[in-house]
Amino acid sequence: MARVLIVGAGLTGSLCAALLRKEAPRPVHLAVWDEAGDSGGRMSTARSPYNPQSTVDLGAQYITCTSHYAKHHQSFYDDLLALGILKPLTAPIEGMVMKEGDCNFMAPQGISSIIKHYLKESGADVCFRHCVTQINLRNDKWEVSKETGPPEQFDIVVLTMPVPQILQLQGDIANLISECQRRQLESVSYSSRYALGLFYEAGTKIDVPWAGQYITSNPCIRFISIDNKKRNIESSEIGPSLVVHTTVPFGVTHLDHHTEDAEELIFQQLEAILPGLPRPVATRCQKWRYSQVTEAAAHSHGQLTLHPKPFLVCGGDAFTESNFDGCITSARY
């Protein structure tokens, strides 16, 4: 039985695993490794330490399906809608730019529920806090080393983490990447930003007419969402949760600062936009060094094959475009 390793438990990695399980011509042993403590990647959902039912989406806020992709990826949307993992976004988002034919969806159980669904479908062995450090070629197999524990061997390796992390890998992989491929990989660029999740006590009122709002006049804050309102969840037992996404310039300026310092600056700016906002009972600040792909790898068509046999391939939004449909395109390739 072929052993397949997928590095990265985000959307591309989880969907790739699910598709392999469904479409592989013979049985395979699937493993998914991620350096984080949970699945989701940039579609992560954080929980309040006081009430696990109170959550915020720290990455992607909602999913936009364009008319172009509605035809190509209809089955993926239909499946997620039928299972209730996705639902139409009906709550008001001020400042949202809509193009003709666009449809927006939200995830009632948090955006990471999409990834958890695909990982469950894949039946893969999912391992967290597995940070890959080296990939070497040993007897026509890939020997993959991580920060802790012994190396393991695989017949196929799929890398779906951000491109700069691929370029940092040691071992034979560093010599297998051709000059042309290295230029392709080095041309990929990302925006950086912070996301701040705020959790409130049950009964707290945040009295605004919107569920989400794009901010254009603040140097720090770009987007605010009242997450439970975005998902049409009102409960007397669960306090509201709010998430703030910063502007890219703020993210870049404070990228190497302590997260606590950035959190305090964001909160000060938030109080200026929403005066009288109560103090939260808990916060979660996420630094997205690799937030969205601003320049994808040229001529890669969804993936980049680094070695044909044994198979070593890179995938993810860095090889298509930085959205839900881009990740589907890459996973299918």
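Source: prediction; values computed, not measured. Residues take numbers from 1 onward in each chain, read along the sequence in its written order. Per-residue local features of the predicted model are confined to residues with pLDDT of at least 70, and side-chain atom pairs are confined, for both listing and counting, to 80 or more; whole-chain, interface and lining totals are unaffected and use all residues. No hydrogens and no water enter the side-chain calculation; it runs on all heavy atoms of the structure.

Draft legend 1. Representation of the UniProt feature "domain: Amine oxidase" (unreviewed entry) in the protein chain within the structure. UniProt positions are given in the numbering used here, feature names are shortened, and annotations may be inferred rather than shown by experiment. UniProt's feature table lists "domain: Amine oxidase" (unreviewed entry) at residues 97–332, given in the numbering used throughout. End C-alpha to end C-alpha, residues 97–332 measures 29 Å, and it is 26% helix and 31% strand. Secondary structure is summarised from DSSP: a helix means a run of H or I of at least four residues, a strand means a run of E of at least two, and numbering begins at the N terminus for each.

Draft legend 2. Spatial organisation of the packing of helix H3 (residues 74–82) against helix H11 (residues 324–332). Axis definition: a line fitted to C-alpha atoms, limited for helices to the stretch in contact. Angles are taken between N-to-C directions and run from 0 to 180 degrees. At a closest axis distance of 11 Å, the pairing of H3 and H11 adopts a crossing angle of 115 degrees. In this view, H3 runs roughly perpendicular relative to H11, as classed from their interaxial angle. In this structure, the crossing between H3 and H11 has a hand that is right-handed. For the pair H3 and H11, the contacting residues are Phe-76, Tyr-77 and Leu-80 in the first and Phe-324, Asp-325, Ile-328 and Arg-332 in the second. Here the term charged refers only to Asp, Glu, Lys and Arg, the term nonpolar to Ala, Val, Leu, Ile, Met, Phe, Trp, Tyr, Cys and Pro, and the term polar to all other amino acids, Gly among them. Counted by class, the contact of H3 with H11 contains five nonpolar, no polar and two charged residues. Any angle that falls under 35 degrees is termed roughly parallel, while one over 145 is termed roughly antiparallel, one within 65 to 115 roughly perpendicular, and all others oblique. Helix crossings fall into two classes, left-handed where the near helix is turned counterclockwise from the far one by less than a right angle and right-handed where it is turned clockwise. Whether two residues are in contact is decided by their heavy atoms: any pair within 4.5 Å suffices.

Draft legend 3. How the structure looks around the packing of aromatic side chains. Aromatic contacts are taken between Phe, Tyr and Trp rings whose centres are within 6.5 Å, Trp giving its six-membered ring; a plane angle under 30 degrees counts as stacked, one over 60 as edge-to-face, and the others as tilted. Using the criterion set out here, one finds six aromatic pairs in the structure. Seen in terms of ring centroids, Trp-33 and Phe-154 are 5.6 Å apart; in terms of plane orientation they differ by 85 degrees. Their pairing is edge-to-face. Of this pair, Trp-33 sits in strand S2 (residues 28–34) while Phe-154 sits in strand S12 (residues 152–154), and the two are 121 residues apart along the sequence. Each ring, one from Tyr-194 and one from Phe-250, has its centre 6.1 Å from the other, and the planes form 70 degrees; the classification is edge-to-face.

Draft legend 4. Molecular detail of the side chain of Gln-61. Take Gln-61: it is sitting in the loop between strand S4 (55–57) and strand S5 (63–65). Each residue is assigned to one of three classes by its accessible area relative to the maximum for its type, calculated with a 1.4 Å probe on protein chains only: buried under 20%, partly exposed between the two thresholds, exposed over 50%. Classification of Gln-61 by relative accessible area gives buried; the value is 8%. Pairs of N or O atoms within 3.5 Å make up the polar contacts considered here, provided that, within protein, one atom can donate a hydrogen while the other can accept it, and that residues adjacent in sequence are counted only when both atoms are side-chain atoms. Within polar-contact distance, the side chain of Gln-61 engages the backbone oxygen of Gly-59 at 3.1 Å. Engagement of the side chain of Gln-61 in a polar contact is seen with the side chain of His-245, the distance being 3.4 Å. Once residues lying within four places of it in the same chain are set aside, the contact partners of Gln-61 are Phe-223, Ser-225, Asp-227, Lys-230, Val-243 and His-245.

Draft legend 5. Fine view of the pattern of salt bridges. Any Lys or Arg side-chain nitrogen located within 4 Å of an Asp or Glu carboxyl oxygen qualifies as a salt bridge. Throughout the structure, instances matching the rule amount to 12 salt bridges. Between Asp-38 and Lys-116 there is a salt bridge whose closest N-O contact spans 3.0 Å. In this pair, Asp-38 is assigned in the loop between S2 and strand S3 (45–47) and Lys-116 in helix H4 (residues 112–122), connecting sequence segments 78 residues apart. Judged by relative accessible area, Asp-38 falls into the partly exposed class, the value being 39%. With a relative accessible area of 33%, Lys-116 lands in the partly exposed category.

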